[in-house]
Amino acid sequence: MLRYLLLTNRNFKDINPMECGEEDCRPNYHVGPMAREYYLLHYVYTGRGVVRAGGKVWQVEKGQIFVIHPHDIVYYQADGEDPWYYSWIGFSVSIQLPAALSETVLDLPQAEHLFRAMKDCEQTALDKEYYLCGKIYELLALMSRSRSAPKSKTAEHMLQAKNYIDTNYVTQITVEQIADQLGINRCYFSTAFKKHIGKPPQQYLMDVRLEKAAELISSYGYSVSAAALSVGYTDIFNFSKMFKRKYGLSPTAYANQKQK
């Protein structure tokens, strides 16, 4: 049994599903040697087979994924006595991928429900390509969790704090508020943030605000007051003082210099 899921190439930028299907292979059925221009991942539900790529050979069985990387020449063949039944998903990608995806064979039985959902999505999803994108992201997250080295809790907290500042700098956030959100002492938070990010949180917040304001003034023609309010400063005088301290020019002089 061979079944292809007919897809439309929507040319999505980050992850673009290219093909999807399933096959209950006959004994010794083989594909290749051949290459693809995109990633092609097969999940084996039952049976076993062999994969050859780059002069190496892998025995692949139930609960494993074998990965065909873009432009790699690969040959794969079902076992003669216990041929595999698998489904696959092919996609092009422009985002950073989990380190696990650099391997050819992955032990990932917990991914079975994702591959079943993808191959059966015609029955549940109207816009298959959008649905498949979501499932591929889930699959990448599963790979990342299964293979990535555990980060310290403190390091993870500091990355969360950095992202919180990057996305909420326009609001009246404080160091105390972020520390409370993380459930840690303010002094400890400030010390840990500087260690992991490179500067104290208050300095980082101010730099983000001023850099965004400079961009609004120079690239988008914002007035000084509009730029200040847009990055979380309600005191225009204080904004101008901090801006001049960072850039050596008042916001107005900075704008005039950029225009020239």
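Counting starts from 1 at the beginning of each chain's written sequence and moves along it residue by residue. Only residues with pLDDT of 70 or above have their local features reported here, since the model is predicted, and side-chain atom pairs are shown and tallied only from 80 upward, although totals for entire chains, interfaces and linings are computed over all residues. Note that water and hydrogens are dropped before the side-chain values are worked out from all heavy atoms of the structure.

Looking at the sheet that holds strand β10 (residues 105-107)
- The criterion for strand pairing is that DSSP finds at least two bridges linking the strands in question. Runs of E in the DSSP output that reach at least two residues are strands. Runs of H or I that reach at least four are helices, and both are numbered from the N terminus. Within the open sheet, the 6 strands sit side by side as β1-β2-β9-β4-β7-β10. Their pairing is antiparallel. Edge strands, defined here as strands with exactly one partner in the open sheet, are β1 (2-5) and β10. Strand-to-strand twist across the sheet, computed as the mean angle between neighbouring axes with direction ignored, equals 20°.
- Across 7 bridges, the pairing between strand β4 (residues 39-46) and strand β9 (residues 85-93) is antiparallel. Counted as the bridge partner of Y39 is F91 from β9.
- Sheet strands in contact with helix α1 (residues 112-119) are β1, β2 (15-24), β4, β7 (64-68) and β9, and its direction is about 110° off that of β4. Under this scheme, a helix contributes an axis fitted over its contacting stretch, all axes are lines through C-alpha atoms, and angles between N-to-C directions fall in the 0 to 180 degree range. When checking whether two residues touch, look at their non-hydrogen atoms; a contact exists if any pair is within 4.5 Å.

Comments concerning the nonpolar core
- In this structure, I165 and F189 are the most contacted members of the largest nonpolar core, which totals 30 residues.
- When contributions to this core are tallied by element, the ones reaching two or more residues are α3 (153-168), α4 (175-182), α5 (186-197), α6 (201-220), α7 (224-230), α8 (236-247) and α9 (251-259).
- Sorting elements by how many residues they give to this core places α6 first, with 8 residues.
- Excluding residues that lie within four positions of it along the chain, F189 makes contacts with M158, A161, V175, I178, A179, L182, I184 and P201.
- What makes a nonpolar core is a set of buried Ala, Val, Leu, Ile, Met, Phe, Trp, Tyr and Cys residues whose side-chain atoms join them at distances within 4.5 Å. For the exposure calls, accessible area comes from a 1.4 Å probe over protein chains only, and a residue counts as buried if that area is under 20% of its type's maximum, exposed if over 50%, partly exposed in between. Listed in part, the 29 residues of the second largest apolar core include Y39, L41, I89 and L142.

Regarding the environment of Q160
- Inspection of the secondary structure puts Q160 in helix α3.
- Residue Q160 is classed as partly exposed on the basis of its relative accessible area, which comes to 41%.
- With 85 residues separating them in the primary sequence, Q160 and R245 have C-alpha atoms 28 Å apart.

A look at unusual backbone geometry
- Here G32 and P33 are connected by a cis peptide whose omega angle stands at 5°.
- By the element assignment, P33 lies in strand β3 (residues 30-34).
- Phi at N11 takes a positive value of approximately 55°, unusual for a residue other than glycine.
- With respect to the helices and strands, N11 occurs in the loop between β1 and β2.
- The exposed category is assigned to N11, whose relative accessible area is 59%.
- Its identity is not glycine, yet H71 carries a phi of approximately 70°, on the positive side.
- Residue position: H71 is located in the loop between β7 and β8 (74-78).
- Overall, the relative accessible area of 58% leaves H71 in the exposed class.

Examining the pattern of salt bridges
- Any Lys or Arg side-chain nitrogen found within 4 Å of a carboxyl oxygen on Asp or Glu counts as a salt bridge. Counted by the stated rule, this structure contains 15 salt bridges.
- In this structure, K119 and E22 form a salt bridge, with 3.5 Å as the shortest nitrogen-oxygen distance. Placement of K119 in helix α1 and of E22 in strand β2 is noted, with a sequence separation of 97 residues between them.
- Classification of E22 by relative accessible area gives buried; the value is 6%.
- A salt bridge links E112 to R116, with the shortest nitrogen-to-oxygen separation between them at 2.8 Å. Taken together, the residues span about one helical turn, with E112 and R116 both in helix α1 at a distance of 4 residues.

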